[in-house]
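Reading the structure
One-letter residues, chain by chain:
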Amino acid sequence: MRRDNFCLPSACLSQKMETEIDFLQWLQHDMALKILVCLDDSADLVRVSAVSQYWRNFVISNGLSRKLCMRRFPQLAIIDRIVEPSPNSDTDSSIEVVGHEASERDHRAYTSLFRALTTFPQTYCIADPVSASSTDNYPEESIMNTLDPRDKILHRDSYWSSKGSDDPEAPETLIYNLTSHFCVITEINLHPFQALFQLDHPIYSSKFVRFRMGHPKSWNEIEHDFMESQECANDKFIWTYTSPMFPVAQENSLQKFKLPEPVVCIGGFLQIELLGRVQKQAADGKYYICIAHVQAIGRQLSPAFCVEFCGQSSNSVSLRYDGEQFKRIMQNVSNGHNGSLSTSLLPVQPPRQLAWGNLEDLIQMVQAHENGVEYVWLEDDDIEMELLR
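Throughout, a residue's number is its position along its own chain's written sequence, starting from 1. Note on the predicted model: pLDDT of at least 70 is required for a residue's local features to be given, and 80 or more for side-chain atom pairs to be given and counted; whole-chain, interface and lining totals, by contrast, use all residues. Neither water nor hydrogens contribute to the side-chain values; these are computed over all heavy atoms in the structure.

1. Overview of the overall build of the protein
Segments assigned H or I by DSSP are reported as helices when at least four residues long, segments assigned E as strands when at least two residues long, and all are numbered from the N terminus. Summing up its helical and strand segments, the protein has 12 helices and 16 strands in all. Across the 389 residues in the protein, those meeting the buried criterion constitute 45%. Of all intrachain contacts in the protein linking residues separated by at least 6 positions in sequence, the fraction that spans at least 24 positions is 78%. Using a 1.4 Å probe, the Shrake-Rupley method yields the accessible areas, and only the shown protein chains count as cover for residues. When the accessible surface of the protein is split by element, carbon and sulfur atoms take 52% of a total near 20400 Å². Remark: exposure states derive from per-residue accessible area (1.4 Å probe, protein chains only) relative to the maximum for the residue type, with buried under 20%, exposed over 50%, and partly exposed in between. Here, two residues are considered to be in contact whenever any of their heavy atoms come within 4.5 Å of each other.

2. Concerning the sheet that holds strand S15 (residues 305-310)
Strands sit in the order S1-S16-S15 across an open sheet of 3 strands; the sheet is mixed. Edge positions in the sheet fall to strand S1 (79-83) and S15, since each of these pairs with one other strand and no more. Taken over all neighbouring pairs, the strand axes of this sheet differ in orientation by 30° on average, direction set aside. Here S15 runs beside strand S16 (residues 316-321); their pairing, made up of 6 bridges, is antiparallel. Residue pairing across strands places Phe305 opposite Tyr321, the latter belonging to S16. Those strands touched by helix H7 (residues 99-119) are S1, S15 and S16, and its axis lies near 105° from that of S1. Strands qualify as paired when DSSP identifies two bridges or more between them. For helices, the fitted line uses only the C-alpha atoms of the stretch in contact; every axis is such a line through C-alpha atoms, and the angle between N-to-C directions lies from 0 to 180 degrees.

3. A closer look at the packing of aromatic side chains
In this scheme Phe, Tyr and Trp rings, the latter by its six-membered ring, pair at centre separations within 6.5 Å, and the angle between planes marks the pair as stacked below 30 degrees, edge-to-face above 60, and tilted otherwise. Summed over the entire model, instances satisfying the criterion amount to 17 aromatic pairs. Seen from their ring centres, Tyr54 and Phe58 are 6.5 Å apart, and the 35° between their planes marks the pair as tilted. One end of the pair is Tyr54 and the other is Phe58, both in helix H5 (residues 53-61) and 4 residues apart, which spans about a single turn. Of the residues examined, Phe58 reaches a relative accessible area of 6% and is grouped as buried.

4. Focus on H5
Looking only at H5, the buried set comprises Trp55, Phe58, Val59 and Ile60. Taken together, the buried residues of H5 touch helix H2 (23-26), helix H3 (29-36), helix H4 (42-49), helix H6 (64-72) and H7. Positive backbone phi, at 60°, marks Gly63, one or two positions downstream of H5.

5. Considerations on the environment of Glu169
Here Glu169 lies in the loop between strand S4 (160-161) and strand S5 (172-178). Those residues in contact with Glu169 that lie beyond four places of it in its chain are Lys207 and Gly276. Throughout this description, a polar contact denotes any pair of N or O atoms lying within 3.5 Å of each other; where both atoms belong to protein, one of them has to be capable of donating a hydrogen while the other can accept it, and for residues adjacent in sequence the pair is counted only when both atoms sit in side chains. Polar side-chain contacts of Glu169 include one of 2.8 Å to the side chain of Lys207.

6. Notes on the pairing of strand S7 (residues 206-216)
In terms of burial, S7 is a largely internal element, 8 of the 11 residues being buried. By the bridge criterion, 8 bridges tie S7 to strand S11 (residues 269-277) in an arrangement that is antiparallel. Pairing of Met213 across the sheet is with Leu270, part of S11. Bridge count for S7 against strand S9 (residues 246-247) is 2 bridges, and the pairing is antiparallel. Counted as the bridge partner of Phe208 is Pro247 from S9. The sheet contact formed by S7 and strand S8 (residues 237-242) spans 5 bridges and is antiparallel. Each bridged residue has a counterpart across the sheet, and for Arg212 the counterpart in S8 is Thr242.

7. Things to note about the confidence of the model for the protein
pLDDT is defined as a per-residue confidence score from the predictor, taking values between 0 and 100. Residues with a pLDDT of 70 or more make up 75% of the protein, whose mean pLDDT is 81. For the stretch residues 1-17, pLDDT sits under 50, and the model shows 5 contacts to residues farther than four places along the chain or on other chains.

The structure is reproduced here in structure tokens:
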């Protein structure tokens, strides 16, 4: 404000303010919309909505918070309905609203969702294996072995192995169930397996890797145990995202593959496609791919947000938004209790836990050692370094 405004008599200042006009109202609708869709943060939309009632109505009626989410996270386009739990209700009922109330609800949900997608704490997001396109020796070389980092720390020969192939271009796929049907993935890490028990210690990596995310075609079919039956589940899913191909180094290390943009996974399933083979096994002259460990890093959005698939065909998806849960999580984030990424969050199948003080585990390891299985014990500093890799 200019200094001379402070010198105006109150009557003149009041008259001046009455003659001022909101520039947004002067603009044609399309021009105003073109300006506001340039905002790239939901916090900016909240600030714009606080300028005046006209601005707030403009933001809400044009669904700008939804447009922002769709622009940054196009996978959200599958969502066709927003629901909110009814307040002060012990049942799982929802608020059914229409018109402006529905627009207000959608504005709240998408504004909060954008904040969750960009600020919720990161964690490890793989829960369980679903299937492998092939397994050489089941269950000794099962996909289940790729989830437990303890085996790598103790230098056990624990890994997944494909069947051998004469074709060096033969692909393999691994499918995992994520910790939530609704999460955003930013990075996927892969550790090729080195066979220290074979001559020359070969590393059975793939040439390239590609990632897909999506949901089942039918939730009934996905209840089948594909690992036990040794079936490939590739055709049981609709993959709504496919990443670029990444080159894989033939190295015994955890290799990190950061996605070009964070990807919202609606449905909670991840496919890892291993393309090309580089290593023959001397015993049979066939090409194999072996993986010691897999990680998916991202943000779990439940319980503040969850998706509901209507019908077994998964054609209709609703987003359930719990405002109270969202506020609680954001309060923890603002207070610094954001659950920063920790190796303690790595998904490990019970009762096998990453707990060095577990007496039962210790006894089992000692008994295994007596039976001829040799473990390489690491110093404390080495263990810490392995956990942080």
